[in-house]
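Listed here are the chains, written in short residue letters.
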Amino acid sequence: MTRPLVTILDDEPEIRTLLAEVLEEAGFDTLSFGRARAFEAALATHTPDVCLVDLSLPDTDGLTLVHRLALEQGAIVIIISGRAQVQDRVTGLELGADDYIIKPFDPAEVVARIRARLRSTKPASQSGNVATFNGWKAHFDRYTLEDDTGVETPFSHAEGEVLRLFLDAPKRLISRAQMQTSLGGVASESFDRAMDVRISRLRTKLREDPKNPQLIKTIYGAGYIFLGDVTWT
């Protein structure tokens, strides 16, 4: 059985070594980098399942890199940073990160968060990789939305988690608590705001009227309902 690959991007050698040792002992393969340039070069030949990214990098802006990874790689992106302010966490999640872990951290927590994220990406037994609904196709193998003319729009891994949650349970109310449980988040203002942003972006990509969305409906005080007719292949 193939071991999931985790890439570690952090300019502190001690943290890279600690994470690599703990993750490899937990059953993961790892690649470690101290500079974003070397990390991005490695992506040409390696496809990570999870990217651990520090925000304070010497050769690039960590948040810009997180946003690019979320849209282009299809990997789970987890920020590990010493920036503990709520706004930093909110910004990281809004830009597409799947999770945010604050330094100093318990290595066991990092392992647990990675495993939770990997579990949340596994398709439900009744689902495939392509969902067809209301003139759209969602391709979860390449993270794109395809309209009825064949035009494709990419979505991030984090947006895909939310979209898949809706498509696996059409015409059923999904509460904030259910979203938190399914997506492995921690109840907080930053989690709620990140969910709002991801849903807003999905509506935009699905060309919904923001004042009167027809597919992803907000049930105020309760949660959301996806109103499309969905088939999986």
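Position labels on residues start from 1 in each chain and follow its written sequence. Given that the model is predicted, a residue must reach a pLDDT of at least 70 before its local features are reported, and side-chain atom pairs must reach 80 or more before they are shown or counted; all residues, however, enter totals for whole chains, interfaces and linings. The side-chain quantities take in all heavy atoms of the structure and omit both hydrogens and water.

**Q** How do you make sense of the overall build of the protein when you look at a structure like this?
**A** Numbered from the N terminus, helices here are DSSP runs of H or I no shorter than four residues, and strands are runs of E no shorter than two. Helix and strand counts for the protein stand at 8 helices and 12 strands. Here the radius of gyration uses the C-alpha set of atoms, whereas the globule reference equals 2.2 Å times the residue count to the power 0.38. At 18 Å, the protein has a C-alpha radius of gyration in line with the 17 Å of a compact globule built from 233 residues. Seen through its principal axes, the protein has C-alpha atoms that stretch 50 × 35 × 30 Å. Between buried and exposed lies partly exposed: a residue is buried under 20% and exposed over 50% of the maximum accessible area for its type, with that area taken using a 1.4 Å probe on protein chains only. Scored against the burial criterion, the 233 residues of the protein give a buried share of 48%.

**Q** Would you mind going over the sheet that holds strand β6 (residues 130-133) with me for this structure?
**A** Within a beta sheet, neighbouring strands are joined by backbone hydrogen bonds and run either parallel or antiparallel to one another. Pairing between strands is defined by DSSP: at least two bridges between the two strands are required. Spatially, β9-β8-β7-β6-β12 is the arrangement adopted by the 5 strands of the open sheet, whose pairing is antiparallel. At either end of the open sheet lies a strand with only one pairing partner, and these are β9 (152-154) and β12 (231-232). In terms of strand pairing, strand β8 (residues 144-146) meets β9 through 3 bridges, oriented antiparallel. Residue pairing across strands places Glu146 opposite Glu152, the latter belonging to β9.

**Q** Looking at this model, I keep getting lost on the sheet that holds strand β1 (residues 5-9). Mind explaining?
**A** Spatial strand order, β2-β1-β3-β4-β5: 5 strands in an open sheet with parallel pairing. Lying at the two open borders of the sheet, with one neighbouring strand each, are β2 (29-33) and β5 (99-102). Across the sheet, the mean angle separating the axes of adjacent strands is 20 degrees when strand polarity is ignored. To obtain each axis, a line is fitted to C-alpha atoms, and for helices this fit is confined to the stretch in contact; angles are then taken between N-to-C directions over 0 to 180 degrees.

**Q** I'm lost on the pairing of β6 in this one. Help?
**A** Every regular strand shows the same layout, with side chains that alternate between the two sheet faces. With 4 bridges joining them, β6 and strand β7 (residues 136-139) adopt antiparallel strand pairing. What sits directly across from Val130, in β7, is His139. Between the antiparallel neighbours β6 and β7 lie 2 residues, among them Asn134 with a positive phi of about 45 degrees. Sheet analysis places β6 next to β12, joined by 2 bridges and oriented antiparallel. Looking across to β12, one finds that Ala131 is bridged to Trp232.

**Q** Before we go on, may I ask you to explain the nonpolar core in this structure?
**A** A general trend in soluble globular proteins is that nonpolar side chains are found buried together. Counting residues in each nonpolar core, the largest one holds 30 residues, and the members touching the most others are Phe133, Leu167 and Ile216. Of all elements in the fold, only β6, β7, α6 (157-167), α7 (176-183), α8 (189-205) and β11 (223-226) reach the threshold of two or more residues within this core. Nine residue types can take part in a nonpolar core, namely buried Ala, Val, Leu, Ile, Met, Phe, Trp, Tyr and Cys, and a core is a set of them joined through side-chain atoms within 4.5 Å.

**Q** Help me out: how do you make sense of unusual backbone geometry in this one?
**A** Excluding glycine, a negative phi dihedral is what most residues carry, and trans is how most peptide bonds are arranged. That bond from Lys103 to Pro104 is cis: its omega, -10 degrees, falls within 30 degrees of zero. Along the chain, Pro104 falls in the loop between β5 and α5 (107-121). Positive phi, normally seen in glycine, also occurs at Asn134, with a value near 45 degrees. Residue Asn134 is classed as partly exposed on the basis of its relative accessible area, which comes to 49%. Phi at Lys171 takes a positive value of approximately 60 degrees, unusual for a residue other than glycine.

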